[in-house]
Amino acid sequence: FSSTFNDLQLSSFNGVGFTVRNAAKARSRGVEAEAEFAVADGVTIGGNLAYLDAYYVSYLNAPCYANQTAALGCVTTGGSRGQDLSGHTLAYSPNWSGSLFVNLRQPVGGGLVAIADGRVSARTSQEYGPDGDPNRITGGVALYDLRIGVGDADGRWELALVGKNLTNEYVPSFGFNVPLVAGAYTVQVDQPRVIAVQAKARF
């Protein structure tokens, strides 16, 4: 796939207020692959893999991030502060991402079926801000999910124990500078480890 965006509108918080500007041109291109196999009765495995190259083709008037200096690329022209982010990677655009999964459905007698679904999803590092702030880059991460349970062979009901983000990874998803506090950030993070009981019924 390959997509080009002209006049992409972006909003950036600089520690005092939001600055909205348009990147003259941005491009997103890459390759995705997905496969799924039934390797035995009741056993399915699969996965997907994606490579992404997403960047600003031209963004000459990008807003500076909080506390960015001239030495770091922030210049003042005509009373307006800005930086050149041409060629810089777009936010939320890891170069590599993918997942692997296995699904099991096995009869255990008495009209019941044992269920197990496992998945690992991973990605490389990415920025979670649109202005090139190096403090808003999160490293690569792998997340593990597992669901085990039992259900009716006809699919009328299921009871399962579900675990999400089993290794309790810290995954920032959004962040901005704290107003009037130099070097401080407020960061929103994805869900931590979650263990839950899930019940399903079909009528």
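For the structure itself, look to the data block above.
If you're wondering where the values come from, they're calculated on a predicted model, not measured in any experiment.

Caption draft 1: Examining the state of the cysteines more closely. One pass over the structure, following the stated rule, counts one disulfide. In this model Cys 64 forms its disulfide with Cys 74; the gap between the sulfur atoms is 2.0 Å. On the sign convention where negative means left-handed, the S-S torsion of about 95 degrees between Cys 64 and Cys 74 marks this disulfide as right-handed. Taken together, the positions of Cys 64 in the loop between strand 3 (43-58) and strand 4 (75-77) and Cys 74 in the loop between strand 3 and strand 4 put the pair ten residues apart, joining distant regions of the chain. Cys 74 matches Cys 64 in its accessibility class, with the two residues each being buried.

Caption draft 2: Just the nonpolar core, in detail. Counting ten residues, the largest nonpolar core is built from Leu 10, Ala 23, Ala 26, Leu 52, Ala 54, Tyr 56, Tyr 59, Ala 62, Leu 85 and Leu 90. Sorting the residues of this core by element identifies strand 2 (18-40) and strand 3 as the ones contributing at least two each. Among residues more than four places away in sequence, those in contact with Leu 52 are Phe 1, Ser 28, Arg 29, Gly 30, Ser 93, Pro 94 and Asn 95.

Caption draft 3: Local environment of the side chain of Glu 158. You can see Glu 158 is positioned in strand 11 (residues 157-164). Here the side chain of Glu 158 touches Arg 147 through a polar contact of 2.5 Å, side chain to side chain. Ignoring any residue separated from it by four or fewer positions in sequence, one finds Glu 158 in contact with Ile 115, Arg 147, Val 150, Gly 151, Gln 198, Ala 199 and Lys 200.

Caption draft 4: Inspection of the sheet that holds strand 11 at higher detail. With antiparallel pairing, eight strands are arranged side by side in an open sheet as 1-2-3-6-7-10-11-14. Either end of the sheet is taken by a strand with one partner, and the two such strands are strand 1 (2-13) and strand 14 (194-201). Neighbour-to-neighbour, the strand axes of this sheet turn through a mean angle of 20 degrees, independent of strand direction. Here twelve bridges tie strand 6 (residues 96-109) to strand 7 (residues 112-123), and the two strands are oriented antiparallel to one another. Its bridge partner being in strand 7, Asn 103 is matched across the sheet by Asp 117.

Scoring rules and cut-offs
- Residues numbered from 1 in each chain as written.
- Predicted model: local features only at pLDDT ≥ 70, side-chain atom pairs only at ≥ 80, totals over all residues.
- Heavy atoms only, no water.
- Disulfide = S-S within 2.5 Å.
- Helix = DSSP H or I, 4+ residues; strand = E, 2+ residues; numbered from the N terminus.
- Buried < 20%, exposed > 50% of the residue type's maximum accessible area, 1.4 Å probe, protein only.
- Core = buried A, V, L, I, M, F, W, Y, C linked by side-chain atoms within 4.5 Å.
- Contact = heavy atoms within 4.5 Å.
- Polar contact = N/O pair within 3.5 Å; in protein donor to acceptor, adjacent residues only side chain to side chain.
- Pairing = 2+ DSSP bridges.
- Axes fitted to C-alpha atoms, helices over the stretch in contact; angles between N-to-C directions.

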